[in-house]
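Fold and geometry: a report
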Amino acid sequence: MNLGSEEMDFSTIVSEDRIKKAYEDGAFSRMPGFGKPLKSDDLSAVPQELRMAYRMMKNAGYSPEESVLRQEVLTIEDLIKKCQDDTELNQLKNQLSQKLFEYNKMISQRGVKTNSAFFKNYEHKIEQKLLSKK
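Residues numbered from 1 in each chain as written. Predicted model: local features only at pLDDT ≥ 70, side-chain atom pairs only at ≥ 80, totals over all residues. Heavy atoms only, no water.

Remarks on a positive patch on the surface
Judged by side-chain charge, Lys81, Lys82, Lys93, Lys125 and Lys129 come together as a positively charged surface patch. Counting residues per element, the ones that place at least two in the positive patch are helix H3 (64-82) and helix H5 (117-133). For lysine 81, a relative accessible area of 68% corresponds to the exposed category. (Patch = residues over 30% accessible without salt bridge, like charges linked within 9 Å, V, L, I, M, F, W, Y side chains within 5 Å. Areas by Shrake-Rupley, 256 points an atom, 1.4 Å probe, with all protein chains shown as cover. Salt bridge = Lys/Arg side-chain N within 4 Å of Asp/Glu carboxyl O. Lys, Arg positive; Asp, Glu negative; His and termini not counted. Charge placed at Lys NZ, Arg CZ, Asp CG, Glu CD. Helix = DSSP H or I, 4+ residues; strand = E, 2+ residues; numbered from the N terminus. Buried < 20%, exposed > 50% of the residue type's maximum accessible area, 1.4 Å probe, protein only.)

If you want it as structure tokens, here you go:
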């Protein structure tokens with residue numbers, strides 16, 4: 001079992017030597033942001049055990065706001081399916097349109113095309129509504 005820790009120590013030593021050599025050769029001085037302070041992302045509201053996952057999702061382009069909006073849309077859609085009152089149904093449909101607009105705007109600001117089934121279905125509904133008015 002000690003052999004494993006010796007191998008690990010050897011690989012650590014080799015890695016550190018390579019990093020030190022690269023630093024001495026100036027490989028890091030050509031990196032963007034060299035010599036500047038790191039940008040601080042305020043994660044004080046995110047629990048410590050979730051911060052790494054949060055950063056990974058953020059780096060992949062996901063945001064908590066996007067997740068909240070997506071959940072709100074799904075909730076409103078469920079309410080629409082179960083709604084029996086016409087007045088409330090119209091209010092829910094208006095809320096859904098607003099949330100979809102907000103979500104689509106958020107996604108488009110990131111430069112992501114919204115080709116999900118979620119929006120294709122919504123686009124289809126809008127087309128049908130417009131075509132039925134003609």
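Further notes follow.
Concerning the packing of H3 against helix H4 (residues 86-109)
Orientation of H3 relative to H4, taken along the N-to-C sense of each, is 155°, at an axis distance of 9 Å. Our classification of the angle between H3 and H4 gives roughly antiparallel. Crossing hand, H3 versus H4: left-handed. On H4, the residues touching Glu65, Glu66, Leu69, Arg70, Glu72, Val73, Ile76, Glu77, Leu79 and Ile80 of H3 are Leu89, Leu92, Lys93, Gln95, Leu96, Lys99, Leu100, Glu102, Tyr103, Met106 and Ile107. Partitioning the contact of H3 with H4 into residue classes produces twelve nonpolar, one polar and eight charged. (Axes fitted to C-alpha atoms, helices over the stretch in contact; angles between N-to-C directions. Parallel < 35°, antiparallel > 145°, perpendicular 65-115°, else oblique. Left-handed = near helix turned anticlockwise from the far one by under 90°. Contact = heavy atoms within 4.5 Å. Nonpolar A, V, L, I, M, F, W, Y, C, P; charged D, E, K, R; others polar.)

Here's the deal with the pattern of salt bridges
In this structure the tally under the stated criterion is three salt bridges. Put simply, aspartate 25 and lysine 21 hold a salt bridge, and the shortest N to O gap is 3.1 Å.

Topic: the environment of lysine 99
With respect to the secondary-structure elements, lysine 99 resides in helix H4. Separated by 29 residues in sequence, lysine 99 and arginine 70 have C-alpha atoms that sit 8.3 Å apart. With residues up to four places along the chain from it excluded, the contact list for lysine 99 reads Leu69, Glu72, Val73 and Ile76.

Digging into the nonpolar core
A general trend in soluble globular proteins is that nonpolar side chains are found buried together. Counting eight residues, the largest nonpolar core consists of Val73, Ile76, Ile80, Cys83, Leu89, Leu92, Leu96 and Leu100. Secondary structure elements with two or more residues in this core: H3 and H4. Element by element, the count of residues in this core is highest for H4, at four residues. When residues no more than four places from it in sequence are discounted, the contact partners of isoleucine 76 are Leu92, Gln95, Leu96 and Lys99. (Core = buried A, V, L, I, M, F, W, Y, C linked by side-chain atoms within 4.5 Å.)

Remarks on the packing of aromatic side chains
Inspection of every chain in the model, using the stated rule, returns one aromatic pair. Consider the rings of tyrosine 23 and phenylalanine 28, whose centres lie 6.4 Å apart with planes at 35°: the pair is tilted. (Phe/Tyr/Trp six-rings, centres within 6.5 Å; stacked < 30°, edge-to-face > 60°.)

Any functional reading would require information that these geometric values do not contain.
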